[in-house]
Structures are given as structure tokens and as C-alpha cells.
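Structural description and commentary
Listed below, chain by chain, are the residues.
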Amino acid sequence: MGKIGFDNELYITKQKEHILERIKGANGKLYLEFGGKLFDDYHAARVLPGFDVNAKIKLLEELKDEAEIIFAISAGDIEKTKIRADLGITYDMDVLRLIDNITKLGIEVNSVVITRYAGQPAADAFAAKLEQHGIKNYFHKSINGYPTDIDYICSEKGFGSNPYIETTKPLVVVTAPGPGSGKLATCLSQVYHETTRNVPAGYAKFETFPIWNLPLTHPVNLAYEAATADLDDVNMIDPYHLDAYGKTTVNYNRDVEAFPIVQSTLAAIGNSNFDYKSPTDMGVNMAGYAISDDEVVQEASKQEIIRRFFATKCAYRQGKEKKSAVEKIKLLMSGLEITPEYRPVVNAALEKENEVDSPSAAIQLDDGRIITGKASELMSASSSVVLNSIKAIMNIDDDLTLLNPIVLEPIIEMKTNVLGSITNYLDLEAVLTALSVTGSTNSLTAKAMKGLEKLRDCEFHSTQMLQSGDARVLRELGLRVTSEPIYPSKDLFF
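Take the overall build of the chain next. Within the chain, the secondary structure is distributed over 20 helices and 15 strands. Relative to the compact-globule value of 23 Å for 494 residues, the chain shows a C-alpha radius of gyration of 25 Å, a close match. Judged by the C-alpha coordinates and their principal axes, the chain covers about 75 × 50 × 40 Å. Each of the 494 residues in the chain was classed as buried or not, and the buried ones make up 52%. Pairs at least 24 residues apart make up 68% of the contacts formed inside the chain by residues separated by at least 6 positions. Approximately 22400 Å² of the chain is accessible, and the part contributed by carbon and sulfur atoms is 51%.

Take a look at the structure:
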């Protein structure tokens, strides 16, 4: 078990208390903009060891009698089939996934708002799908002059032109599958409509990062900058909070830049439930109070920055990312005086490749041991290192073979001769399938299979970029994956 640096139970308790205070302060209804991920917040779990990846949804589960949820999704993101990178699914499919999961927990889903709608056919199709499943949905069109023309925005032609979403609970959580989905505008639109109906309503923002009461250069906050390098976000001192209270707090540029507009918009609506003097005031973020071991958290955050560096370099190599994002993370690493080699599995994988002259991979187990594997004619380096690792975990002699080539050869023959694959080695999914089948008759293999679940949260590095199939399976096993920005072949189709 890795070292713990974060008290998740304390975090949920404090966060719940703070939200209940905000609901009470709203005197009627609180619209809470939820930043980040409701489920599977692996970034938070990586930089705050001890953080439950589903802490947010568990918090909402405790508040389910008071809460209902509205999802916001941009029509443009639906049209462009924008992908949630960590799950490999489109934003619209992620909304459906989230609705399924939330409904099973007994938390009420009110509706889905499709924002920035301009007649996109894909958005119409998504709305029709929601309708068929009995899920209320609304279209919000772009408002001329948003967000700067406050008088027009806060009028019948502005927010007033948006359909009113009827809600019944004192806490309305507005969330989305990713950034830029229109959460803030949806919240403010609803506050406008509630106010015109003489219903007291307030706005607040639930955000985990950056952590406002940690230093600007704390590795946790720098890891957030690394995670959002593609968005050109930067952490900064909240000047409004410093001016109002004489206290230094950390926020990020988009919230700081948007604050005067949000403040003016709420004032124009006539909403005075919360007299916010800074973007930090607007936030509901108690994560900093739940850090139990700062040294552990700092080390975990440095490792995350390096992982982001490798991921961004690979994305740049594939033409999916800007060079400036790579340079930004490199600058963050320089400030912390860390290099890629600070990640132990990196050197181990590269040394293995030099030793065997073949693509290689390394896994660092929970107890600190580093296991390596190399690509062969039969299987990928990912497959090899996973097999070697589960043998090490289950104390199986390294000389013992888990999969006899006699078992694998018919699979390879079917793959190449029947399915027409141009590669003759087996990817990780095929190897694990063969392992599970063999395990029904082989006690050694069955024992090794039990080691798979102990790979979760272990570190992995490959000397080459991974084929999509291997990357997916490694992610499903819970490994923290990085790779060198090197293509595995000269083929253009990768």
C-alpha cells in the first residue's frame, strides 16, 4: 500500500458542511457549478494519495435528499465528437454514462442543457436520444455580447430567451463532461430566471484545483497547470482576495478574469444572497485542509507532472497537441528541479531496451520493485512486463512459463491468416484472454491471474508509444502509464 497524504473522510465532512452553509446562505436555492470529474477523478487521486476517485459523487450521495443535477454539454463538442481522453469516449456518450451511474445511486438527474446551440444536426440527434429515454433536455443558444454586455445578457433577450429549467431541490448541481461546456452560463441563466420569479437563489463553484490555500508554486498546484497545459491556464494570486482581505490565495486565470463579469452579472440580476469579493470567495474547496502529509503529496504531484510531460510529448508527436504545451510542462519541471529520469521506471525501461536491443517496458510494483519485459515475436513488451510482474507479485519463479507457445500459436495463426492482421504478435488483451482460458485447467496460471488486481496504481513506462489496444487494457488494469514519444514502426497508420 502506497503512502497516504490525504484524509478523504475529513475532506468529505468539511466539504459537506461548507456546501450546507452555502445552501443556507442562499435563502432558497443554490446553483453549484461543479468543476472537474464527478466520477473517476484519477488526477486528484494521483496528486493527493488517499483521495477517493469517487469522492465527489459520494458527497452528493450524502446530499441526495437536497440535491438534483443538471448536465451541460456544448453543441459544438457534440458536433465535433469531442473525446474525453482518459476514457476514450465522446462527451455525449459520457453524459449518458454519468446519468446511468448517478441514477443508480438514487441521485436525481433533472435534465441536460445543450449549450451554444446553433442548429447542429448532431445536437438534434442527441436531444432526440435523450427524449426517447425520458430525459428532459433544453437548448441554450449563444447570447450576443456574452459575457461582457451585462445589460443585454441580464434581459429578456439575453438570459430571458433561454428556457427556464424547473427545479425542486435546494441544491442544484450543474456539471459537465469536460471544460468549456457552458456550466457557468447555465447557472447564471437559472439564477436570472429564479430571481424574476421572486425565488431567492445563489451561485457558488465547487472546484478542487488549484487548491487556494496552498502556495502558488506548491507541486499540487503546478500539477494542475501541467494537466491543463493545453488550455493555456495558469495559476495566479487572486488579486481581488488580496485587495479585499489582505490575504494571499491561489486561483487560476480564467476564474480571476471572469470574476468581475460574474460579480457584475449577479448584481445586474439583482441577486445579493452572496456578496462575493473575490473568485476565492465563490469557491467551495476544502481540499487543502485534508492534506495529512504534505511531503507525500508533494512527491506524488512531482510524479504526476512527469507523467503529464510524457503524455503531452506523445500527443505532440501525433499532431494532437501544441509544442507550447510541452514547453510549459518542461518549464514547470525545471522550476521543481526534476527531470524525466526522476520517474524510476523510465530508466529501467530504457536500460532494458539497451540491454536486449528490443522495445521494452517496466513496471514499478507497490513494494518498490521494478520489473521489466521486452517485445518478442509472440507478444508486445506490455504483455511481457505484465506477465513478469504478476509472477513477481504472486512469488512465482521467473523461470516458469505461464503461457506455452503451443497455446499462443493457434491464436496468432487465426489473427494473421483468418483476420488478416499485418502483425503476428499478440497484444495485451489477447494474452490476458489466453491466460484466463488456461487458468481454468492450470493452477499456476490461475494463481498468477490473482496478481492482476494488484497492478492498480503501479507505475508503467514503455520505450515506444503504445498501440491503442494495449493502452486501453493497461488503463483498465489501473496502471499509471507513460511512454517515450517514439512510434513502434515506420507505418503511417498507427
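A few words now on empty space enclosed by the protein. What the rule picks out here adds up to 2 cavities of 30 Å³ or more. A volume near 150 Å³ is recorded for the largest cavity. What lines the largest cavity is a set of 14 residues, and nearest its centre among them are E207, P210, N251, G283 and N285. Listed by contribution, the elements that provide at least two residues to the lining of the largest cavity are β10 (250-252) and α12 (279-282). One number sums up the size of the second largest cavity: a volume of about 40 Å³. G36, K37, L38, R84, D94, L98, T175, A176, P177 and G178 are the residues that line the second largest cavity. Of the residues that constitute the lining of the second largest cavity, the class distribution is 4 nonpolar, 3 polar and 3 charged.

Moving on: the layout of surface pockets. Once rolled over the atoms, a probe with the size of a water molecule shows which space is left empty. The volume enclosed by the second largest pocket comes to roughly 390 Å³. Every residue lining the second largest pocket is counted, 18 residues in all, and those nearest its centre are M379, S384, L387, N388 and K391. The greatest single-element share of the lining of the second largest pocket, amounting to 4 residues, is contributed by helix α16 (residues 381-393). Looking at side-chain class alone, the lining of the second largest pocket contains 8 nonpolar, 6 polar and 4 charged residues.

Before going further, it helps to examine the pairing of strand β15 (residues 480-483). For a regular strand, side-chain orientation follows a simple rule: the groups alternate between the two sheet faces. For strand β14 (residues 459-462) and β15, the ladder comprises 4 bridges, and the chain directions are parallel. In the strand pairing of β15, H461 is matched with T482. Handedness of the crossover joining β14 and β15 through helix α20 (residues 468-477) is recorded here as right-handed.

So, on to a negative patch on the surface. On the surface, D293, D294, E295 and E299 cluster together into a negatively charged patch. Tracing the sequence through the fold places D293 in the loop between β11 (283-284) and α13 (294-317).

Spatially, 4 strands are ordered β13-β12-β14-β15 in an open sheet, and the strand pairing comes out mixed. Sheet topology places β13 (370-374) and β15 at the edges, where each strand pairs with a single neighbour. Geometrically, the sheet is characterised by an average inter-axis angle of 15° between neighbouring strands, direction not taken into account. α13 contacts β14 and β15 of the sheet and is inclined by roughly 50° relative to β15. The sheet contacts of helix α15 (residues 344-356) involve β12 (360-364), β13 and β14, and relative to β12 the element is tilted by about 145°.

On to α15. Spanning 13 residues, α15 covers 19 Å between terminal C-alpha atoms, matching the ideal 18 Å at 1.5 Å per step. All buried positions along α15 are accounted for by V345, V346, A348, A349 and K352. The secondary structure elements touched by the buried residues of α15 are α13, β12, β13 and β14.

This paragraph deals with the pairing of β13. Here β13 shows a buried face lined by I371 and G373 and an unburied face lined by I370, T372 and K374. In this sheet, β13 lies alongside β12 in antiparallel orientation, the contact comprising 5 bridges. Within β13, the position partnered with I363 by the bridge is I371.

In this fold, S111 is placed in strand β5 (residues 108-117). Overall, the relative accessible area of 0% leaves S111 in the buried class. Here the side chain of S111 touches N110 through a polar contact of 2.7 Å, side chain to side chain. In contact with S111, other than residues within four places in its own chain, are I69, I70, F71, K136, Y138 and I165.

For L30, the position within the fold is in strand β1 (residues 29-34). Residue classification places L30 among the buried residues on the basis of a relative accessible area of 0%. Note: C-alpha distance between L30 and L20 (10 residues apart in sequence) is 9.6 Å. When sequence neighbours within four positions are dropped, the list of residues in contact with L30 reads I19, R22, I23, P170, L171, V172, G202, Y203, A204 and F274.

Pairing is parallel in the open sheet, where 7 strands are placed in the order β6-β5-β2-β7-β1-β8-β11. Each of the sheet's edge strands pairs with one partner strand only, and the pair in question is β6 (137-141) and β11. Sheet topology places β5 next to β6; 4 bridges connect them, and they run parallel. Bridging from a neighbouring strand, V113 pairs with Y138 of β6. Sheet strands in contact with helix α6 (residues 121-132) are β2 (67-74), β5 and β6, and its direction is about 165° off that of β5.

Right, let's get into helix α17 (residues 405-418). Because each turn of an α-helix spans 3.6 residues, side chains separated by three or four positions end up pointing in the same direction. Compared with an ideal rise of 1.5 Å per residue, which puts 14 residues at 20 Å, α17 spans 19 Å between its outermost C-alpha atoms and is within 8% of the ideal. Listed in full, the buried residues belonging to α17 are L408, I412 and K415. On an axial view of α17, the arc spanned by its buried residues comes to 60°, and they lie on one face. Away from its buried face, by an angle of more than 90 degrees, α17 presents the exposed residues I406, N417 and V418. Among the structural elements, α18 (428-438) are those in contact with the buried residues of α17. After α17 finishes, the residue G420 shows a positive phi value of roughly 75°.

The next thing to look at is the pattern of salt bridges. Here the idea is simple: oppositely charged side chains can pair when their charged atoms come close. By the definition in use, this model includes 24 salt bridges. The residue D232 makes a salt bridge to K322 at a minimum N-O spacing of 3.1 Å. Of this pair, D232 sits in the loop between α9 (219-227) and β9 (235-237) while K322 is found in the loop between α13 and α14 (323-336), placing the two residues 90 residues apart along the sequence. Under the relative-accessibility criterion, D232 is labelled partly exposed at 47%. Residue class for K322 comes out partly exposed when judged on its relative accessible area of 36%.

Reading the values: the criteria
Residues numbered from 1 in each chain as written. Predicted model: local features only at pLDDT ≥ 70, side-chain atom pairs only at ≥ 80, totals over all residues. Heavy atoms only, no water. Helix = DSSP H or I, 4+ residues; strand = E, 2+ residues; numbered from the N terminus. Rg over C-alpha atoms; globule rule 2.2 N^0.38 Å. Buried < 20%, exposed > 50% of the residue type's maximum accessible area, 1.4 Å probe, protein only. Contact = heavy atoms within 4.5 Å. Areas by Shrake-Rupley, 256 points an atom, 1.4 Å probe, with all protein chains shown as cover. 1 Å grid on protein atoms, 1.4 Å probe; cavity = no way out; pocket = protein on both sides within 12 Å on 5 of 7 lines; lining within 4 Å. Points joined across faces, edges and corners; volume = space filled by probe spheres on them. Nonpolar A, V, L, I, M, F, W, Y, C, P; charged D, E, K, R; others polar. Pairing = 2+ DSSP bridges. Right-handed = clockwise from strand over helix to strand, strands pointing away. Patch = residues over 30% accessible without salt bridge, like charges linked within 9 Å, V, L, I, M, F, W, Y side chains within 5 Å. Salt bridge = Lys/Arg side-chain N within 4 Å of Asp/Glu carboxyl O. Lys, Arg positive; Asp, Glu negative; His and termini not counted. Charge placed at Lys NZ, Arg CZ, Asp CG, Glu CD. Axes fitted to C-alpha atoms, helices over the stretch in contact; angles between N-to-C directions. Expected span 1.5 Å × (residues − 1). Polar contact = N/O pair within 3.5 Å; in protein donor to acceptor, adjacent residues only side chain to side chain. Arc of directions from axis to C-beta.

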